[in-house]
Amino acid sequence: MSATRRDLIRSALAGGAAAGLGLAIGDGTALAGPIAPLQGANTDGQVLLRLMEFEQLEIFAYEHVERTAVLSGEARATVSHFLAQEHTHAAVLSALLTKRGVAVPPPPSTVSEADAKLAALLVARRLDEAHHELTAMHLLIGIETVAETIYHLAIEKLTGPLPELAARILGCEAQHWTGLSSVLHDGNPVLAVPSEFAPFATNPS
Amino acid sequence: MNAAAGLSRRRLLGVSGAAGAAALAAGCGVLPAKVSTLQKIALTVDRPDVPILEGLLRLEYTLAYAYTASIPRLNGYGLQAARWFLRQELGHIGAVSTLLKSGGVKPNTSAGSPHLGNPGNASEVVALLHRLETEATRAYLEAVAKLSNGQLRAVASAILATEAQHVSILRRAQGLEPVPSALLTGNA
């Protein structure tokens, strides 16, 4: 992995290409400008709904990689472990939505639907390309980069006890980023924690 | 207390690494002192936020002190991680110090003399660093719950996420599961 997360985020927020790794403009279907995953979400319920939609996308991606990619034992164990934790995040969010009378959105049903959502979030890699460990890990790192960004933005918007909950999930997503990088680079701390702030670029607005 | 408009939060986070390097000088003597490049930030720091930020700054100094003291006693993977994480803690010191300045408060510039115990070997040093980083994540979680506005919470959470990553690497160095919980707990 040649690019750092800082490069990734900077490229994604600038709408530029980040060669070799997660975030970049994808295939002409991506947004031309910065990602704004919480744009228009102003109430706690609306923000939680966006977070839930993203968790479902993450789960779909992890499940797809677990099912279809050729992975080493370490990578497979890591993916399975993180997938279980993403399910926990979704369960927590689902309970909060239900409590507010907000219907839980349906998860992506096809690879092409999920790939379109990834493209809209400026994740360059696609599920239908993630056949091998390297591409699969890069895809998941790109998704976890977006996860960090979304939760970071949510913490700013949410009210009451919800920012702390979102921070607990953000901490876990950031650890996933580090864990996936560690699989690729034998735990190299410089590559696994590339910036003193996660995500490096904060609010695109 | 409104901060003077100037640098955006993104710029704060982007350039504070350099500022942080200067900030630690008085505390640990690690790096030569220089003037912070962060004099203005576009964030609002209200009076109730000040003691919270001061507490976080003390923790950051303690972490930087601990990493500095640990480096001579580490080798290999632990040494590589400690050197890198020290640099990042300096960045955190710079960011939190700048927030305090924006609130009209002169930030503390010393780690004091934290009691870190007497780890006997490299493994115990790593365990100590793991404990301190875990305490830091707990403190940042508490801060996120208490800070008065969303922008401050967002800055605190950006540091929190990095401390959580430090915890993961230090757990890995000890042969522990790097991501033990789906919800960061602040407990070892």
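What you see is a predicted model, and the numbers here were worked out from it, not measured in a lab.

A. Highlighting the overall build of chain B. Helix and strand counts for chain B come out as 6 helices and 0 strands. Secondary structure elements in chain B, listed N-terminal to C-terminal, are α-α-α-α-α-α. Here the contacts in chain B between residues at least 6 apart in sequence split such that 77% fall between residues at least 24 apart.

B. Representation of the overall build of chain A within the structure. A count of helices and strands for chain A gives 7 helices and 0 strands. Put simply, chain A runs from its N terminus to its C terminus through helices and strands in the order α-α-α-α-α-α-α. When each of the 205 residues of chain A is scored for burial, the buried share is 53%.

C. Representation of the environment of B:Lys101. Residues and elements named next belong to chain B. Among the secondary structure elements, lysine 101 is positioned in helix α4 (residues 76–102). Judged by local crowding, lysine 101 falls into the partly exposed class, with 18 C-beta atoms found within 10 Å. Spatially, the C-alpha atom of lysine 101 lies 9.8 Å from that of valine 50, the residues being 51 residues apart in sequence.

D. How the structure looks around helix α6 (residues 162–185) of chain A. The end-to-end C-alpha separation of α6(A) is 34 Å, in line with the 34 Å expected for 24 residues at 1.5 Å each. Most of α6(A) sits inside the fold, with 20 of its 24 residues counted as buried.

E. Summary view of the nonpolar core. A:Ala61, A:Leu140, A:Ala154 and B:Tyr140 are the most contacted members of the largest nonpolar core, which has 107 residues in total. Ignoring any residue separated from it by four or fewer positions in sequence, one finds B:Tyr140 in contact with B:Leu56, B:Ala156, B:Ile159, B:Leu160 and B:Glu163.

F. Focus on the interface of chain B and chain A. Listed per partner, the contact involves 36 residues of chain B and 37 residues of chain A. Listing elements by their share of the side of chain B that touches chain A, those giving two or more residues are α1 (9–23), α4, α5 (122–146) and α6 (150–173) of chain B. Counting residues per element, the side of chain B that touches chain A draws most heavily on α6(B), at 16 residues. Its residues assigned to classes, the side of chain B that touches chain A shows 18 nonpolar, 14 polar and 4 charged.

G. Region of the structure containing the packing of helix α3 (residues 49–70) of chain B against α5(B). Residue and element names in this part refer to chain B. Running from amino to carboxyl end, α3 crosses α5 at an angle of 165°, the nearest separation of the two axes being 10 Å. Between α3 and α5, the angle is such that the two are roughly antiparallel. Handedness of the crossing formed by α3 with α5: left-handed. Of α5, the residues touching α3 (which contributes Ile52, Gly55, Leu56, Leu59, Thr62, Leu63, Ala66, Tyr67 and Ser70) are Val125, Leu128, Leu129, Leu132, Glu133, Ala136, Ala139, Tyr140, Ala143 and Lys146.

H. Quick look at the packing of α3(B) against α4(B). Residue and element names in this part refer to chain B. Two elements in contact, α3 and α4, have axes whose closest approach is 9 Å; the angle formed by their N-to-C orientations is 155°. The angle between α3 and α4 places the two elements in the roughly antiparallel class. α3 and α4 meet at a crossing whose hand is left-handed. Two secondary-structure elements touch here, α3 through Val50, Leu53, Glu54, Leu56, Leu57, Glu60, Tyr61, Leu63, Ala64, Tyr67, Thr68 and Ser70 and α4 through Ala82, Phe85, Leu86, Glu89, Leu90, His92, Ile93, Val96, Ser97, Leu99 and Leu100.

I. Structural detail: helix α5 (residues 133–157) of chain A. With 25 residues, α5(A) extends 36 Å from end C-alpha to end C-alpha; this agrees with the ideal 36 Å at 1.5 Å per step. Within α5(A), 22 of the 25 residues are buried, which leaves the element mostly enclosed by the surrounding structure.

J. Examining unusual backbone geometry more closely. Residues and elements named next belong to chain A. Geometrically, the link from alanine 198 to proline 199 is a cis peptide bond, its omega value of -5° lying close to zero. Summarising the element assignment, proline 199 is placed in the segment after α7 (189–192). In this structure, leucine 122 takes a positive phi of about 70° despite not being glycine. Its place among the elements puts leucine 122 in the loop between α4 (111–120) and α5. Phi at aspartate 186 is positive, roughly 55°, even though this residue is not glycine. Looking at the secondary structure, you find aspartate 186 in the loop between α6 and α7.

K. Layout of the confidence of the model for chain A. Residues and elements named next belong to chain A. Residues with a pLDDT of 70 or more make up 80% of chain A, whose mean pLDDT is 84. Considering only residues more than four positions removed or in separate chains, one finds that residues 1–33, a stretch of pLDDT under 50, has 85 contacts. This model gives residues 201–205 a pLDDT under 50, and the stretch forms 19 contacts once residues within four places in sequence are excluded.

L. View of the environment of B:Ala136. In this structure, B:Ala136 sits in helix α5. With residues near it in sequence (within four places) discarded, B:Ala136 still touches B:Leu59, B:Leu63 and B:Glu163.

M. Spotlight on the environment of B:Asp49. All names here are of chain B. Tracing the chain through its elements places aspartate 49 in helix α3. The spacing of aspartate 49 and serine 148 is 99 residues in sequence and 6.5 Å in space, taken between C-alpha atoms. Dropping the residues within four chain positions of it, aspartate 49 is found in contact with Gly103, Leu147, Ser148 and Leu152.

N. Region of the structure containing the confidence of the model for chain B. All names here are of chain B. Residues with a pLDDT of 70 or more make up 78% of chain B, whose mean pLDDT is 81. Taking the mean pLDDT of every element in chain B, the minimum, 31, falls on helix α2 (residues 25–28) and the maximum, 97, on α5. Below pLDDT 50 for its whole length, residues 1–41 participates in 106 contacts with residues either more than four positions away or in separate chains. Scored as a whole, the predicted complex attains pTM 0.83, and scored at its interfaces, ipTM 0.84.

Definitions and cut-offs
Residues numbered from 1 in each chain as written. Chains lettered and ligands numbered in written order. Predicted model: local features only at pLDDT ≥ 70, side-chain atom pairs only at ≥ 80, totals over all residues. Helix = DSSP H or I, 4+ residues; strand = E, 2+ residues; numbered from the N terminus. Contact = placed C-beta atoms within 7 Å. Buried ≥ 20, exposed ≤ 12 C-beta atoms within 10 Å, placed from the backbone. Expected span 1.5 Å × (residues − 1). Core = buried A, V, L, I, M, F, W, Y, C linked by C-beta atoms within 7 Å. Nonpolar A, V, L, I, M, F, W, Y, C, P; charged D, E, K, R; others polar. Axes fitted to C-alpha atoms, helices over the stretch in contact; angles between N-to-C directions. Parallel < 35°, antiparallel > 145°, perpendicular 65-115°, else oblique. Left-handed = near helix turned anticlockwise from the far one by under 90°. pLDDT = per-residue confidence, 0-100.

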